[in-house]
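# Coordinate inspection notes
If you want the building blocks of each chain, they are given just below.
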Amino acid sequence: FVHPISVARRVMEDLPHVLLVGDGAARFADEIGAERGDLMTDEVREGWAAWLKDRMSAQQWEKWPATQLAPWARLTADPETAHGTVCVLARDADGDIACGVSTSGWAWKYPGRLGDSPIIGAGNYADNRYGAAACTGFGEITLRTGTARSVILYLKMGLSLQDAVRAAAEDLCQARWFYKGRVTIYALDRSERHIVRTCGDASDRSAYWLWSDRMAHPELRDEGAAEIYD
Ligand code: ASP
């Protein structure tokens, strides 16, 4: 489906549930008339084949494509090639806070792999009383540490936004990362303060767009004075 986040919104509005997956999710998307489309482009398919070929011996390449994917999963996994996640954190004039995340997930993952983006508490979390947080990057680690929820819980415990994000980032960094990867945390509090912080293997910093009612246009900002947590 071309716009899964629109389907997710209808799940939130029309159903008593939070998540639908697999066939049931497709059935619901068809019922609401969501647009279907092939999201796999030739460029991506060719990139994937080239990536694999580069990492396989000639003998291995001959056996590819394999009916069993599991033995190859580590070869096909590349968290750093996934740059497709979009996080939106917003606070409206009534003070309502929302968080939306859309992603194609970790590139070349094992079929069926579920990342952190749709998981409330890991890749996204919003609570009108405190703020909202979302993550991009290595979802396997934010799933384990409940990063977005952690930020909001630290706010609830009375930490400033900066300290709340720092504490969640420290939790992330102390977990065992079985791949080199990085995570960027985006956070917004009730007073419209915001922070973007990258942790892990961060060779470059994240840019983000900021737009408030005091600004005529959205501005592209650099993570800037961000601390990098190792
Ligand atoms: N967090 C996403 C995932 O793990 C990927 C990304 O942000 O690039 O699926």
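In what follows, the accompanying structure is described. Because the structure is predicted, anything quoted here is derived from the model rather than measured.

## Here we look at the packing of aromatic side chains
Considering all chains together, one arrives at zero aromatic pairs under this definition. Over the ring of Trp51 we find Arg55; its NZ or CZ atom is 3.3 Å from the centre of that ring.

## Quick word on the pattern of salt bridges
Scanning all chains against the criterion turns up 13 salt bridges. The closest approach of N and O atoms between Arg36 and Asp30, which form a salt bridge, is 2.8 Å. Given a relative accessible area of 39%, Asp30 falls into the partly exposed group. Asp189 is the partner of Arg193 in a salt bridge, and the nearest nitrogen-oxygen pair spans 2.9 Å. Judged by its relative accessible area of 5%, Asp189 falls in the buried class. Here the salt bridges share partners, and the residues they tie into one network are Arg91, Glu192, Asp213 and Arg214.

## Concerning the sheet that holds strand β3 (residues 124-127)
Pairing is antiparallel across the open sheet formed by four strands, whose spatial order is β3-β4-β5-β6. Where the open sheet ends on each side, the last strands, each with one partner, are β3 and β6 (194-200). Geometrically, the sheet is characterised by an average inter-axis angle of 15 degrees between neighbouring strands, direction not taken into account. Strand direction decides the pairing type here: strand β5 (residues 182-189) and β6, joined by seven bridges, are antiparallel.

## Brief notes about the pairing of strand β2 (residues 97-102)
The sheet contact formed by strand β1 (residues 86-91) and β2 spans six bridges and is antiparallel. The residue bridging Arg91 from the neighbouring strand is Ile97, located in β2. Hairpin remark: β1 followed by β2, antiparallel, with five residues in the connecting loop; positive phi at Gly95, about 85 degrees.

## Overview of the environment of Gln174
Mapping Gln174 onto the fold places it in helix α8 (residues 161-174). The exposure class of Gln174 is exposed, given its relative accessible area of 69%.

## Observations concerning the nonpolar core
The biggest cluster of nonpolar side chains holds 24 residues, and the ones touching the most others in it are Val151, Val183 and Ile185. Put simply, the parts of the chain that give this core at least two residues each are β4 (131-137), α7 (147-156), α8, β5 and β6. When residues of this core are assigned to their parent elements, the largest contribution, seven residues, is made by α8.

So, how was this worked out
Residues numbered from 1 in each chain as written. Predicted model: local features only at pLDDT ≥ 70, side-chain atom pairs only at ≥ 80, totals over all residues. Heavy atoms only, no water. Phe/Tyr/Trp six-rings, centres within 6.5 Å; stacked < 30°, edge-to-face > 60°. Lys NZ or Arg CZ within 6 Å of the ring centre and 35° of its normal. Salt bridge = Lys/Arg side-chain N within 4 Å of Asp/Glu carboxyl O. Buried < 20%, exposed > 50% of the residue type's maximum accessible area, 1.4 Å probe, protein only. Pairing = 2+ DSSP bridges. Helix = DSSP H or I, 4+ residues; strand = E, 2+ residues; numbered from the N terminus. Axes fitted to C-alpha atoms, helices over the stretch in contact; angles between N-to-C directions. Core = buried A, V, L, I, M, F, W, Y, C linked by side-chain atoms within 4.5 Å.

Structural measurements only, silent on function.
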